[in-house]
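Inside the fold
Here is what each chain is made of, one letter per residue.
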Amino acid sequence: MKSAIIVFPGSNCDGDCFHVLSEVLGQPAEYVFHKEKFSAGDFDLIVLPGGFSYGDYLRAGAIARFSPAMESVLKAAERGKLILGICNGFQILLEAGLLPGAMMKNRDLKFHCHDVYLKVGTADSPFTNLYLPGEVVKMPVAHGQGNYYADEDTIERLKSENRIAFYYSDEKGRVTEKANPNGSAANIAGILNEGRNVLGMMPHPERCAEEILGNADGKKLFKSILEYLEGRSKIGKIGRS
Amino acid sequence: MFKAKINVQFKEGVLDPQGAAIKGALNHLGFEAEDVRVGKMIEVKLKAASLEDARTKVRTMCEKLLANPVLEDYSFEVAEESL
Amino acid sequence: MFKAKINVQFKEGVLDPQGAAIKGALNHLGFEAEDVRVGKMIEVKLKAASLEDARTKVRTMCEKLLANPVLEDYSFEVAEESL
Amino acid sequence: MGRLEEAKKLGLTEEEYNLIVRTLGREPNDVELGMYSVMWSEHCSYKNSRPLLKKFPTKAPHVLQGPGENAGIVDIGDDLAVVLKIESHNHPSAVEPYQGAATGVGGIIRDIFAMGARPIALLDSLRFGELDDPRVKYLFGGVVSGIADYGNCMGIPTVGGEAYFNDVYKDNPLVNAMCVGIIRRDEIIRGKAQGVGNSVMLVGAATGRDGIHGASFASEELSEESESRRPSVQVGDPFMEKLLLEACLELLKEKWVVGIQDLGAAGLTSACAETAARAGSGIELDVALVPRRETEMTPYEVMLSESQERMLIIVEKGHEEDVKRIFEKWDLFAVKIGEVTGDGMLRVLENGKTVAEIPAKSLAEGAPVIKRKGRKPAYLERQDLDCSKIRMPENLGDVLLKLLGSPNIASKAWIYQQYDHTVRTDTVVRPGSDAAVLRVKGTKKGIALTTDCNGLYCYLDPYEGGKQAVAEAARNLAVTGAKPLAITDCLNFGSPEDPEVYYQFEKCIDGIAEAARFLEIPVVSGNVSFYNESSERKIFPTPVIGMVGLLEDVSKHCTLAFKKPGDLVVLLGVNTEELGASEYLRVIFGIEGGRPPRVDLDREKRLLILCLKAIRQGLLNSAHDVSEGGLAVAIAESCIAGNLGFKGKIRSDIRPDALLFGECQSRIVASLSEDKLPALMEVAREAGVEVTVLGRVVLEHFLIEVKDSRGGSKRIELSLGEMAEAWSKSLERKVEG
Ligand SMILES: Nc1ncnc2c1ncn2[C@@H]1O[C@H](COP(=O)(O)OP(=O)(O)O)[C@@H](O)[C@H]1O
Ligand SMILES: [Mg+2]
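Residues numbered from 1 in each chain as written. Chains lettered and ligands numbered in written order. Predicted model: local features only at pLDDT ≥ 70, side-chain atom pairs only at ≥ 80, totals over all residues. Heavy atoms only, no water.

1. Focus: the overall build of chain B
The line we're drawing: Runs of H or I in DSSP of at least four residues are treated as helices and runs of E of at least two as strands, each being numbered from the N terminus. To get the radius of gyration, use the C-alpha atoms; to get the globule rule, take the number of residues to the power 0.38 and multiply by 2.2 Å. Remark: exposure states derive from per-residue accessible area (1.4 Å probe, protein chains only) relative to the maximum for the residue type, with buried under 20%, exposed over 50%, and partly exposed in between. Contacts are assigned to residue pairs with any non-hydrogen atoms lying within 4.5 Å of each other. Residue-level accessible areas treat just the shown protein chains as cover; the underlying method is Shrake-Rupley with a 1.4 Å probe. In this charge count, Lys and Arg are treated as positive and Asp and Glu as negative; neither His nor the chain ends contribute. The atom standing in for a charge is NZ when the residue is Lys, CZ when it is Arg, CG when it is Asp and CD when it is Glu.
Each helix and strand in chain B was counted, giving two helices and three strands. Taken from N to C terminus, the helices and strands of chain B fall in the order β-α-β-α-β. For chain B, whose C-alpha radius of gyration is 16 Å, the value lies well above the compact-globule estimate of 12 Å for 83 residues. In terms of its C-alpha atoms, chain B occupies a principal-axis envelope of roughly 50 × 30 × 15 Å. By the burial criterion, 42% of the 83 residues in chain B qualify as buried. Considering only residue pairs separated by 6 or more positions, chain B has 70% of its internal contacts joining residues 24 or more positions apart. Accessible area of chain B: about 4,200 Å², with a carbon and sulfur share of 50%. Across chain B, the mean location of the 12 positive side-chain charges is 7 Å away from that of the 14 negative side-chain charges.

Pasting the structure below:
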């Protein structure tokens, strides 16, 4: 499993993703600078890391999506390569149209950095196959603009197509208003594209993938990807590609 | 040189957290604000061949970058700037 | 009911990092933007006794809350709204 | 107007002016006068404080860089070193809280990467007036979001700090930011302009008219007039700084980089004068080459601008294009503005014509030291508080709840949850404990970070207060399992021209120096902020101590949370009857008085040794130092953090409120499994520290009984829920309510 981590100007979780993929999972990973195009064939997984690309000026992710590397990301997505956008990476995927909807400022207008509980919405994806559907996991969030918005039809579609990967929930898995840290529609914390090869999520699995950090719930996400790519996952092969 | 004043606002029906907060604060200060919407006002000075050309350019800017069609509407005015 | 359109902008000379980033992006996209400044456009619907009263109120809002006098200037228009 | 008059208007004294004339051998022109006035302001020259700062112990075998550079550096083994520095941004934050705090964070980060280090953590030490005041609320909210937005965007976790509220800070909030970086020992870079003919380059943001005379602004009291000078406030651009950081770190790997210096207060003037003075060289530059954001800037404005996010780089001649290539990658410019000369002069040209010419050493180091004499303030003479006149409250449970809800003790989550404190995936112990712990990737090690100072103690006894700040910081590190390594200090005081303030300053320094020496923790960097007063109030003397400690094995760290029902809860150290200066007296009786608790440094040292040993040997399940609010609050905090209760009995003849809420020093509340008690006793005996069993960790009840030898007793009985409620929501309610 070889990963590319795209470095946008202002990315700041690129090193964290690199660390998890290479040190914790022991898999090869490379940084790709936003000014470079790359060949989708060279990588199995493309990570759009968190941070503040272009300072989040104008709108989070709005400027980054025009970078040359994103052209390659679009092509790779089309070819069914796995794309994982975390936090700012999710915002970029939305702006680029690879995922539906948009992000707004958190409803209390404050940046939120703390652990949240997530209910796994679907285990039927390359990213979540090691989780159980409905399983509750803990992950840190750290964002000021994680208030997911989409019109009702889109939300309905995401639900009916089983594309909501994670919901903000309480410790017991109840998807309540109180457990929603930012005002996201339907408590959405992460969604898949139609082909299920693109995942965008606000919480940071790379920040909770090691015991020393007190929580390794996020490691399963990266391991799911590995399982999938090595053909061992219970979900078999998705979509085209 | 042309100068465009571009106004980007949330679509009708999108709940604007910043507007809601300001409304709360205004009412707390004793004003009777019924509705508050916060948008962006972006002023761009640009080169273009003509006013028409400038208008086309500004529209493209808005569609490509300045407004997010999922959430936002935009409107603008363009005027020629004398140096 | 009155409707105010309030425009809040950085004072001359104050660094506008957001404007600079947008300018960069526009030029990257092939536009010839010379200068970009980003401000806020705040629309407030408010109750007031008269247009005059509404103007006074909006001015006070700006001074107390909506604009930061250290860094920002404001301007506004008020109109009466028919229901 | 005569030159001298003009000099005075710029804040220079007649004596200083005469010295300038003597140094130059002529009258200074406008540009020169402006340059002198900022460089010789207190903020840049430390002219009021330099002799006293010499009292600090600054040397130790692990110190690689002491005071005098952009930041201090200490060795942590494995070829790695930690870089640390704290700085104030009080005055700018009082005028424009959001930008003031943001640019404060930006500035301290630049100090760290100017040494070649990767910044890995931020801390913020805050003091504000009481939150009932709307303006205070505005300032506080603005400062917190300014710090958040800057640090978060940079991707540097803000892992700790303090927040204290008291009316004395109403007009002059304190905003101190600390940054810590990590560097390979062999990659340390210094801010020196060496090698005649080498190129001096300016990189980062374009220069505007921001913050001209900011440094002198920070060197005077806040007044109506300074309010009206507001436009000089700078705006921070964290995105630009992030690019600058990455570009600089990439650049600094190159062997042909000679020196680097951030542009902070006094902008280009200071950066050039300091780098040249450190190397004993000169610099000649042409202001016409400086990229600008605004038109028609004069040489004066260019030299004094405090536009943020800029750095000065000195490279070997011939490598200018290499520098440009690296900065272009990050969409930044790099421009050669001048070169290093051998004549020791800072020569400023405009299009080839000389507009200023000053010996660099005179600018950077030549400000005449001002010798002042302190006078013991009258309030210190009539201070003794007769605690026997204080009636004991009926219900000590209510007292505990009130204390837990005091913003000075209550949870600071409202603040630190707005700070990204988990980015970089090193944060092993997050904010909310006594000190943050970060792992050091690639090693087994960890570092612990804290900032501490109790301004009320320092006010009521500057010497003891100074000592206590160091002792408490060390204790906060020790309870995580970290051995204290180094101090960076931020000395926030009123006007040094006031002999009583000067007295406070001198005594605080004596106390800090004494404790640092005794506990063997060198001071490696710091900052002085004077003139924190308005016509109505002076702040408490507030010498904030930032401290870094080392854990040899980060997996053996300890936290304050109780872990297991059934564990024994013990007190390490002894209780003494000291009620003075306590949060208890302040909150319950409105008294800010009495003698602050004494620190017996010998006792403190033994306690630190015991705590470190016990944690290293894996004896303790939790450890928490006793500070504001005393023993009862400390136990309650360990309960709330662990979501567990406590049941215990304490036998003592100290009056119950003093026992429970007095803030006597050198105490730690720890919990451990019962079978480890003999081993702990053994280590404690060796260290010479008393250990008392206080009770046990239980599921949810909270019960403390106090019994004296005459059969008297008092009790506190509460539910965990009500304590947690009082503690966790209080600050949020104050700010948002
Ligand atoms: N301004 C702040 N920024 C970040 N963290 C803070 C701030 N104020 C307090 N904290 C955190 O809250 C916790 C409690 O702070 P404090 O009561 O000062 O601890 P102590 O008494 O142990 O020094 C610490 O973990 C501290 O780092
Ligand atoms: Mg403590």
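2. Examining the interface of chain B and chain C
What counts is decided by this rule: By convention, the term buried area covers the 1.4 Å-probe accessible surface removed from two parts as they join, with the contributions of both added. What makes a salt bridge here is a side-chain nitrogen of Lys or Arg within 4 Å of a carboxyl oxygen of Asp or Glu, nothing more. Two N or O atoms form a polar contact when they lie within 3.5 Å of each other; inside protein one atom must be a possible hydrogen donor and the other a possible acceptor, and for residues adjacent in sequence the pair counts only when both atoms belong to side chains.
Taken together, the 30 residues of chain B in the interface contact 30 residues of chain C. Between chain B and chain C, the buried area comes to about 2,700 Å², and carbon and sulfur atoms account for 65% of it. Inspection of the region where chain B meets chain C yields two salt bridges. Measuring nitrogen to oxygen at the nearest pair gives 3.6 Å for the salt bridge that ties Glu-34 of chain C to Lys-47 of chain B. For the pair chain B and chain C, the interface holds 10 residue pairs in polar contact (both at pLDDT 80 or more).

3. Here's the deal with the pattern of salt bridges
Counted under the stated rule, the structure contains 83 salt bridges over all chains. A salt bridge links Asp-331 of chain D to Lys-35 of chain A, with the shortest nitrogen-to-oxygen separation between them at 2.9 Å. On the criterion of chain membership, the pair formed by Asp-331 of chain D in the loop between helix H14 (320-329) and strand E11 (333-341) and Lys-35 of chain A in the loop between strand E2 (29-33) and strand E3 (45-48) is interchain, its members lying in two chains. A single salt-bridge network, built from bridges that share partners, covers Arg-209, Asp-210, Arg-293, Glu-294 and Glu-301 of chain D.

4. Some details on the interface of chain A and chain D
On the chain D side, the residues contacting the 27 residues of chain A number 32 residues. Interface of chain A and chain D: buried area, both sides summed, is about 2,400 Å²; carbon and sulfur atoms make up 58% of it. Where chain A packs against chain D, one counts five salt bridges. Among the salt bridges present, the one from Lys-110 of chain A reaches Glu-736 of chain D, with a minimum N-O distance of 2.4 Å. The tally of links from chain A across to chain D stands at 14 residue pairs in polar contact (both at pLDDT 80 or more).

5. Observations regarding the site of ligand 1
Residue and element names in this part refer to chain D. The condition that has to hold: Any residue with a heavy atom lying within 4 Å of a molecule or strand is counted as near it. Throughout, the ten residues Ala, Val, Leu, Ile, Met, Phe, Trp, Tyr, Cys and Pro are labelled nonpolar, Asp, Glu, Lys and Arg are labelled charged, and all others, Gly among them, are labelled polar.
Near ligand 1 you find 19 residues, and of these Asp-124, Gly-432, Ser-433, Asp-434 and Asp-452 are the closest. Asp-434 is positioned with one of its side-chain polar atoms (N or O) 3.0 Å from an oxygen atom of ligand 1. At 3.1 Å, a side-chain N or O of Asn-476 approaches an oxygen atom of ligand 1. The fraction of the free accessible surface of ligand 1 (550 Å²) that becomes covered by protein chains is 89%. Of all the secondary-structure elements, those providing two or more residues to the shell around ligand 1 are strand E4 (118-128), strand E5 (158-165), helix H17 (413-416) and helix H19 (462-478). Along the lines of polarity and charge, the residues of the shell around ligand 1 split into six nonpolar, six polar and seven charged.

6. Thoughts on a negative patch on the surface
Residues and elements named next belong to chain A. Selection rule: Without a salt bridge and with relative accessible area above 30%, a residue can belong to a patch; like charges are then joined within 9 Å and nonpolar side chains (Val, Leu, Ile, Met, Phe, Trp, Tyr) within 5 Å.
A surface patch of like charges, here negative, comprises Asp-151, Glu-152, Asp-153 and Glu-156. Examined against the element boundaries, Glu-152 turns out to sit in helix H4 (residues 152-160). Here Glu-152 falls in the exposed class, since its relative accessible area comes to 69%.

7. Some points on the packing of helix H23 (residues 630-642) of chain D against helix H26 (residues 720-736) of chain D
Residues and elements named next belong to chain D. Note the following rule: Note on definitions: angles span 0 to 180 degrees between N-to-C directions of axes, and those axes are lines fitted to C-alpha atoms, for helices only across the stretch in contact. When an angle is under 35 degrees it counts as roughly parallel; over 145 it counts as roughly antiparallel; between 65 and 115 it counts as roughly perpendicular; any other value is oblique.
Viewed as axis vectors pointing N to C, H23 and H26 meet at an angle of 100°, and their least axial separation amounts to 10 Å. With respect to H26, the axis of H23 lies roughly perpendicular. Here Ala-636, Glu-637, Cys-639 and Ile-640 of H23 come into contact with H26, specifically with Leu-720, Met-723, Ala-724 and Trp-727. Of the residues contributing to the contact of H23 with H26, the split by class is seven nonpolar, no polar and one charged.

8. Some points on the sheet that holds strand E9 (residues 164-169) of chain A
Note: strands within a sheet are paired through backbone hydrogen bonds, in either parallel or antiparallel orientation. Residue and element names in this part refer to chain A. Put simply, the rule is: When DSSP locates at least two bridges between a pair of strands, those strands are taken to pair.
As summarised here, the arrangement of the nine strands in space is E2-E1-E3-E4-E11-E10-E9-E6-E7, forming an open sheet in which the pairing is mixed. Edge positions in the sheet fall to E2 and strand E7 (136-143), since each has one partner strand and no second. The average angle at which neighbouring strand axes cross in this sheet is 25°, direction not considered. Bridge analysis of E9 against strand E10 (residues 188-192) gives three bridges, and the strand direction is antiparallel. Within E10, the residue paired with Ile-164 across the bridge is Ile-191. In the packing of helix H2 (residues 68-78) onto the sheet, contacts are made with strand E1 (3-7), E2, E3, strand E4 (82-86) and strand E11 (198-201), and the angle to E3 comes to roughly 135°.

9. Looking at the pairing of strand E20 (residues 568-572) of chain D
Residues and elements named next belong to chain D. Burial of E20 is extensive: five of the five residues sit out of reach of the surface. The side-chain alternation of E20 yields two buried faces, one formed by Leu-568, Val-570 and Leu-572 and the other by Val-569 and Leu-571. Where E20 lies against strand E24 (residues 691-698), five bridges are found, and the strand directions are antiparallel. For Leu-572, the partnering residue across the bridge sits in E24 and is Val-691.

10. With respect to the sheet that holds strand E16 (residues 446-452) of chain D
Residue and element names in this part refer to chain D. Spatially, E14-E15-E16-E19-E17-E18 is the arrangement adopted by the six strands of the open sheet, whose pairing is mixed. Two strands close off the open sheet at either side, each with one partner strand: strand E14 (427-429) and strand E18 (523-529). Within the sheet, the average angular offset between the axes of one strand and its neighbour, ignoring direction, is 25°. In this sheet, strand E15 (residues 436-439) lies alongside E14 in antiparallel orientation, the contact comprising two bridges. Residue pairing in the sheet places Thr-427 in a bridge with Leu-438 of E15. Relative to strand E19 (residues 542-551), H19 is tilted by about 30°, and along the sheet it contacts E16, strand E17 (483-492) and E19.

11. With respect to unusual backbone geometry
All names here are of chain D. Of note, Ala-266 is a non-glycine position whose phi angle comes to about 65°, a positive value. With respect to the helices, strands and loops of the structure, Ala-266 is situated in the loop between strand E8 (257-262) and helix H12 (267-279). By relative accessible area, which is 0% here, Ala-266 ends up buried. The phi angle at Asn-643 is positive, at roughly 55°, despite the residue not being glycine. Of note, Asn-643 is situated in the loop between H23 and strand E22 (645-651).

12. What to know about the arrangement of the chains
When the five pairs of chains in contact are ranked by number of contacts, first place goes to chains B and C. At no point do chain B and chain D touch; the closest pair of C-alpha atoms across them sits 11 Å apart.

13. Quick notes on the confidence of the model for chain B
Definition in use: A residue's pLDDT is the predictor's confidence in that residue, given on a scale from 0 to 100.
Per-residue confidence for chain B gives a mean pLDDT of 94, with 99% of residues at or over 70. Predicted complex metrics record ipTM = 0.95 and pTM = 0.96.

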